[in-house]
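Per-entry structural report
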Amino acid sequence: MPLVHIALRAGKPEAYRQAIFDSIYQAMRETFNVPEDDQFMTMTEHEAANFRYSPSYLDVARSDDLVFIQITANNTRNLEQKKALYRRIAELLGTKPGLRPEDVFVNLVEVAKENWSFGHGLAQYA
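One structure accompanies this document, and this report is about it.

So, how was this worked out
- Residues numbered from 1 in each chain as written.
- Predicted model: local features only at pLDDT ≥ 70, side-chain atom pairs only at ≥ 80, totals over all residues.
- Heavy atoms only, no water.
- Core = buried A, V, L, I, M, F, W, Y, C linked by side-chain atoms within 4.5 Å.
- Buried < 20%, exposed > 50% of the residue type's maximum accessible area, 1.4 Å probe, protein only.
- Helix = DSSP H or I, 4+ residues; strand = E, 2+ residues; numbered from the N terminus.
- Contact = heavy atoms within 4.5 Å.
- Pairing = 2+ DSSP bridges.
- Axes fitted to C-alpha atoms, helices over the stretch in contact; angles between N-to-C directions.

Counting 25 residues, the largest nonpolar core has Ile6, Ile20, Ile24, Ile69, Ile71 and Ile89 as its most contacted members. Of the residues forming this core, the biggest block, 7 residues, is contributed by helix α1 (residues 14-31). Beyond its immediate chain neighbours, meaning those up to four positions away, Ile20 contacts Ile6, Leu8, Met43, Val67, Leu93 and Pro97.

Here it is as structure tokens:
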């Protein structure tokens, strides 16, 4: 059950933003075995003054179309699954909505299964 937070600069149309949601969800389904309808995502838009990034850190040429994607997930995936997720997110976002791979920044935060409550004050995975 990943929890996804997406941040980008303000001004993109709704269809563009929805395509980001759809592409990330598809990539997680394909590479992380995320169940159907397991969609918990938020997106925040930031004015230029509130969105800072390095345009060249690690020799990656980023633009103002940069999208930060932070995924919190159970610590049950191996390195190959993680690499496949990063690659597939970049591929799908390149197709729809048309992001350059240089503008796809992914951070995976892994947590123990008991660190989730999906409602009712219960630790459903514990």
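Text resumes after the structure shown.
The strand order β2-β1-β3-β4 describes an open sheet built from 4 strands, whose pairing is mixed. Strands with a single pairing partner mark the edges of an open sheet, and in this sheet they are β2 (41-46) and β4 (104-111). Strand-to-strand twist of the sheet, defined as the mean angle between neighbouring strand axes without regard to direction, takes the value 15°. In this structure, strand β1 (residues 3-9) lies alongside β2, joined through 6 bridges in parallel fashion. Across the sheet, His5 pairs through a bridge with Thr42, a residue of β2. Packing against the sheet, α1 makes contact with β1, β2 and β3 (67-74), and its axis sits at approximately 140° to β2. Lying on the sheet, helix α2 (residues 79-95) is in contact with β3 and β4; it crosses β4 at an angle near 145°.

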